[in-house]
Structure formats: C-alpha cells, structure tokens
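Structural characterization, general
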Amino acid sequence: MGGLLDYLPGESIIHRLNPLVKLILSFGLCVSCFLSDSIIFVLSVIVINILLSMMARVFARTLLVFLSLIKFSTLLFIIQILCVRQGEILLNLPLGLYITDKGLMFSLLFISRLIAAAMPLSLTLSVTRVVDIANVLVSKLRLPYKYAFALTAAIRFIPLFSSEMAGIMEAQTARGVDFETKNFLKKIRLLLPLCAPLLISSVRKVEGSAISAELRGFNLRGGSSGYKQYPFKAVDYSALCLCAALVVVSVML
Amino acid sequence: MLRLDGVHFSYNTEGQGIQDVSFELKSGEFAAIIGENGAGKSTICRLCNGLLKPSSGTVTVAGFDTSNAKTSRIARDVGFLFQNPDRQLCQSTVREEIMFGMGFAGVSEAEERCSEMLELFGLDGKKEPFGLSRGERQLVALASVLAREPGLMILDEPTTGLDYMECTRIMDHITRLNENGTTVLMVSHDMEVVLDYAHRGLVLSGGRLIGDGSVHDIMRDAALLSKASLLPAQIPALAVAIGGRFIDIDRADDMASIVEAEANALAGDSRGEF
Ligand SMILES: Nc1ncnc2c1ncn2[C@@H]1O[C@H](COP(=O)(O)OP(=O)(O)OP(=O)(O)O)[C@@H](O)[C@H]1O
Ligand SMILES: [Mg+2]
C-alpha cells in the first residue's frame, strides 16, 4: 500500500527536527500563503516545499503529491476561471462564458495557494511518525493523552482498513465474484455486501485494540508517562526563526 | 492440474517473497505445504489461483495460465480457503454463505449439497456467521469451499482453531473428496494432520522450496525439517528413534503399526533367546 501520507523512514536533518517544530513549520507555510496576496510569494512557498523535500530525501513522494494536486487543481481552476465575471474580458467562449484577467489571476492564486498549503501536510507526515506527533503534543502542549492516542489510532487505522478491504475483495474474487467488470452499477451491487464484513472486522479490531490498551494500563497514563523526550536543539530554534521570518514577509507582501 | 515453473514473486516492500519455486500437482494428488511462519506458504497459495501473478515463471492451474486469466474465472474450478475465515464471510446467514460460492460455479443441486454440509459440520443454517465462534466461522468458510466440490482445493490452514473431533471430521471429508478425484493442496502447521492425511510434502523455507517428496520420507528427514523450523510428527520421530533396533519399524506411520512391528520383533527376539 503506497499511501501518500505514511511515514518514510530517514535520517536527514528534516527527519531529526523536533516534531513540534515540524508541525509549526508546516502550519507556518500554510498560513503564510494565505496571508500573502502575491502569487510570486506563493509560488516560492511551493519551491521551498520542494527544496525541503529534497533535503529530507522524499522528493519522489513529493513529486507524486504535487502531480496529483495539479490534476485536482486543474479541475478547480477551470471551474473558478469561468465563474469570476469581474475584470476585463480576455477571451470569449460559447454559451455566454468568458475569461477575465481578474478571473485568471484569482484562479491562479487560488490553486497555487491550495497546492502550497497541501504540500507541507504531506511532507510533515512523510518525515514524522504519527506517534511522535502525538507524544510531543502531550508533552509540550499538554494535550490529554486520550486525544493524542485517538489521533494516532485514527491515522494508523486508515491503511489498515484499506488493506482489510483489499483482503476481503480478494477473498470474494477467490470465490468467483468478478470485480473486474466495467459496469459501474454491477460493481456497486457486488461491493455493497462487502461492507458488512469490513465493518465487522474493523469494529472487532478497534474493540480489540481498545481492550488491549485498557489491559496495558492506558488509563493510568499521565502527561509525564512518555519515555521519549523531545528537547529543542539549535536547529529547531533556527528553523522556527526562519518560519517566523517567512510569515512576516508574507504579511508585508 | 497445477504446475509452477520457476516462479519468482516479491511483494513490492522488502522481504524475500518467493524464489524459483517449481512443482507440479497431478490430478488427484493430496499435497501439504509445510514451513516456518513467513516462509511464503500463503503467498504460494495465492499465486496458485491467480490472486497474485508471478513476476517471472509461469503458474498453470486447471488449464489456465494465471498471468492472463481472470481470477474469478479460475475460481470456478479452484476452491480456496483463506487463512483468515472472516474475510470470506459476507452473507447474513450460514446457509446463504455456503450457497454463495455455488451460485457462481453454477452448481445445480446447491440446496441439497448445502444441507449435506450443514449436517456434516453440525452447523445451524439460520444463524448469523459473524456471531459464531472462531472455530465455527472456520467451519462455515470451509464448508462453503467444500460444498462446491471443485477440481482443485487450496486450503490455507484448514484445521487451525478446530477441536480434535472437528478436525478429524473435516479431514476425513476432504480425504473422501480426494478419493473421488479432487486434487488437494493444503497448508498446515500440524505435522500430525499432515502425516495422517497428505501423501506428498512440500517443504518451504525463506521463500524457497527445500524439500519435495512423500510425507513418509519427509517426516524422517530431521535435518530438512529443522531447516524450516519444524519438528517431525511424533510417531515417525519415535519410529526413527527406535528404528535401529527393530526391523520394519522405520516404515511405521501410525501407533498401531509401531506396536505391531515392535511386537513382531519382540516375538522374534524371544524365540531366538529361548
Ligand atoms: N500483502 C503483503 N504485502 C507485503 N508483504 C507481505 C504480504 N503478505 C505477506 N507478506 C510477506 O511475505 C512473507 C511470506 O508471507 P506468507 O503469508 O506467505 O507466509 P506464511 O508462510 O503463510 O506464514 P504463516 O505460517 O504465518 O501463515 C512474509 O515475510 C510476509 O511479511
Ligand atoms: Mg500463511
């Protein structure tokens, strides 16, 4: 299962940053592209994202994310550009549709913001274990452990569900169900009955891990129970400074 | 019936996968794959019915080359029991569950076969499959495969989680089907079951086939078995251990024949002494 959001192990400087710093950094990157109205700035945020991913040696993944974002945004771009009616008309289209200069700028800015804001999310999850994010939220931000655990569990269950579903479909194929059919309605009809086993096995799994967490003393756990410490280092401080600088620049531009 | 030719396979993640496995099952054979956890037994099973396609080499099953035949078509002639029965169950009653596979295979006397299965396994057809115990769910999944009486059955650990009586009953039924011409390929960790029911053993270790021969011989090859982290079944082990002293005992595969051989030998001894 090659999800776009799961962790890619590595030893790069980006990997070794404090998880909290990585969160703040990605948040900063997102916020700054919404604060700034300059398309040049937003495009440079995309470039920064790509540079960061190269530093973390996860460029291939980022490229994939970037391409799928482009695909999605192209669609949005087309809808956007046809909907904006202010500004000077650049091009007249049939059906009373036209493209304006404002519409063009607005849509370009819109999709580049979207791309620039989505990339840090994928990057952060690619270079940080979800457990580390949860732990640092508990130890540094005093988030109750229960919520942090819910977060990690939820993210961990996504690939689990999808592999479970793949397994169930496999089992039905082995009994002669033909999922390769092109007929969409027929496919839906074949897939619907599979919801029951998926739901049941998932609920069983969730229940199982809840009970096993309970049995291992989950409720006794407090903020200080984590055995892993997340100290801030010099790199972390400098990364934070860079991030702050970026946000300041975004406000000015 | 089933033929693997220099089959290589790897999951895209790291790990050994399957390397250069070749064997052929003739129609009517009863073979068991044995090997350590993670040896690739389930992977081989999936390769055999086209759920996985070999990255090189060919798998031919029931006249189809799995690389270019639809698995759902192969499934009509090849029954498959998964290691995890829950993935297979998807209907709301046990009866519907058992009938399910037969619908695709176009079995005409589905109703009768289903009732036969329910009786054989002592199952209640009106119950909900997911409310059953682990062992009972295994039975339902197995029943739905056996009911179709396919030409080849691939069974991934059919007897795990079953009590002794249930295990014997199922294996006896499989043996009956086998005697009527069904080819059986089974994975099992239970050496006693393998010894009692299978005729041919395929020993798998680290994704490679390291042994292929009659179960009788394989059970006596302690070096081979230990390579695959296996312990021979007790009776052949016992037979090998005491075999040096008594003629014929090395051939024994069940308790009765050991006792008989030993008695014969003792009788011979005593006649000699007195
Ligand atoms: N879906 C999968 N994706 C990636 N790797 C897998 C997958 N399924 C199995 N593997 C790997 O392939 C190897 C062989 O697995 P397989 O399930 O064939 O073992 P097995 O012999 O059936 O073991 P067991 O006795 O535990 O059932 C294992 O190392 C496993 O980690
Ligand atoms: Mg297995």
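Residues numbered from 1 in each chain as written. Chains lettered and ligands numbered in written order. Predicted model: local features only at pLDDT ≥ 70, side-chain atom pairs only at ≥ 80, totals over all residues. Heavy atoms only, no water.

Once that is clear, we can look at the coordination of the magnesium ion (ligand 2). All names here are of chain B. Surrounding the magnesium ion (ligand 2) are the protein donor atoms Ser42 (OG) and Gln83 (OE1), which sit 1.9 to 2.3 Å from the metal. With Ser42 in helix H1 (residues 41-48) and Gln83 in the loop between strand S6 (78-81) and helix H3 (94-105), this residue pair connects regions lying 41 residues apart in the sequence. Exposure remark for Gln83: the relative accessible area of 37% places this residue in the partly exposed category. (Donors = N, O, S within 2.8 Å, 3.2 Å for Na, K, Ca; no water. Helix = DSSP H or I, 4+ residues; strand = E, 2+ residues; numbered from the N terminus. Buried < 20%, exposed > 50% of the residue type's maximum accessible area, 1.4 Å probe, protein only.)

As a further point, take the sheet that holds strand S4 (residues 56-61) of chain B. All names here are of chain B. As summarised here, the arrangement of the four strands in space is S2-S1-S4-S5, forming an open sheet in which the pairing is antiparallel. In this open sheet, the two strands that pair with only one neighbour each are strand S2 (18-25) and strand S5 (64-65). Inspection of the sheet shows strand S1 (residues 2-9) paired to S4 by five bridges, in the antiparallel sense. What sits directly across from Asp5, in S4, is Thr58. (Pairing = 2+ DSSP bridges.)

Here we take up the interface of chain B and chain A. On the chain A side, the residues contacting the 23 residues of chain B number 19 residues. Roughly 1900 Å² of surface becomes buried between chain B and chain A when both sides are summed, with 54% attributable to carbon and sulfur atoms. Three residues stand out in chain B for area buried against chain A, namely B:Ser72, B:Arg87 and B:Phe130, and they jointly supply 32% of the buried area on that side. Viewed at the interface, chain A and chain B are joined by five salt bridges. Connecting chain B to chain A are 10 residue pairs in polar contact (both at pLDDT 80 or more). Contributing elements (two or more residues each) for the side of chain B that touches chain A: helix H2 (71-74), S6, H3 and helix H5 (134-146) of chain B. At four residues, H3(B) tops the list of elements feeding residues into the side of chain B that touches chain A. Looking at the side of chain B that touches chain A residue by residue, the class counts come to 10 nonpolar, six polar and seven charged. (Contact = heavy atoms within 4.5 Å. Buried area = accessible area lost by both parts, 1.4 Å probe. Salt bridge = Lys/Arg side-chain N within 4 Å of Asp/Glu carboxyl O. Polar contact = N/O pair within 3.5 Å; in protein donor to acceptor, adjacent residues only side chain to side chain. Nonpolar A, V, L, I, M, F, W, Y, C, P; charged D, E, K, R; others polar.)

Considered domain by domain, chain A is made up of domain 1 (13-129 + 231-252) and domain 2 (143-220). The gap between the C-alpha centroids of domain 1 of chain A and domain 2 of chain A is 32 Å. (Domains from an automatic or database assignment.)

Right, let's get into the site of ligand 1. Residue and element names in this part refer to chain B. Near ligand 1 you find 13 residues, and of these Gly38, Lys41, Ser42, Thr43 and Gln83 are the closest. A distance of 3.2 Å is found between an oxygen atom of ligand 1 and a backbone nitrogen or oxygen belonging to Ala39. At 2.9 Å from an oxygen atom of ligand 1 is found a main-chain nitrogen or oxygen belonging to Gly40. Taken by itself ligand 1 offers 630 Å² of open surface, and the protein chains cover 61% of this. A per-class count over the shell around ligand 1 returns two nonpolar, eight polar and three charged. (Near = heavy atom within 4 Å. Areas by Shrake-Rupley, 256 points an atom, 1.4 Å probe, with all protein chains shown as cover.)

All names here are of chain B. Ile98, Leu155, Ile174 and Met186 are the most contacted members of the largest nonpolar core, which totals 49 residues. With seven residues, the single largest contributor to this core is H5. Excluding anything up to four places from it in sequence, Ile98 contacts Cys114, Met117, Leu118, Val140, Ala143, Ser144 and Ala147. (Core = buried A, V, L, I, M, F, W, Y, C linked by side-chain atoms within 4.5 Å.)

Attention now moves to the confidence of the model for chain B. Summary statistics for chain B give a mean pLDDT of 86 and a share of 91% for residues scoring 70 or more. Two numbers describe this predicted complex: its pTM, 0.71, and its ipTM, 0.72. (pLDDT = per-residue confidence, 0-100.)

Turning our attention to the pairing of S4(B). Residue and element names in this part refer to chain B. Here S4 pairs with S5 via two bridges, running antiparallel. What sits directly across from Thr60, in S5, is Asp65. The antiparallel hairpin formed by S4 and S5 contains two residues in its connecting segment, where Ala62 sits at a positive phi of about 50°.

This structure, assessed with the given rule, holds 15 salt bridges over all chains. For B:Arg46, the salt bridge is made with A:Glu170, and the minimal N-O distance between the two is 2.4 Å. Here B:Arg46 is found in helix H1, whereas its partner A:Glu170 is found in helix H7 (residues 145-173) on a different chain. A single burial state applies to B:Arg46 and to A:Glu170, both of which are buried. Residue B:Glu24 is joined to B:Arg3 by a salt bridge in which the shortest nitrogen-to-oxygen separation is 3.0 Å. Of the two residues, B:Glu24 sits in strand S2 while B:Arg3 sits in strand S1, which places them 21 residues apart along the sequence. Using a relative accessible area of 31% as the deciding quantity, one classes B:Glu24 as partly exposed. Within this structure, A:Arg204, B:Asp86 and B:Arg137 form a network of salt bridges that share partners.

This part is about unusual backbone geometry. In this model, A:Arg57 sits at a positive phi of 55°, which is unusual for a non-glycine residue. Among the secondary structure elements, A:Arg57 is positioned in the loop between helix H3 (39-55) and helix H4 (59-83). Exposure remark for A:Arg57: the relative accessible area of 73% places this residue in the exposed category. Unlike most non-glycine residues, B:Glu157 shows phi in positive territory, near 55°. Mapped onto the elements, B:Glu157 comes out in the loop between strand S7 (152-156) and helix H6 (164-179). On the accessibility criterion, B:Glu157 (7% relative accessible area) is buried.

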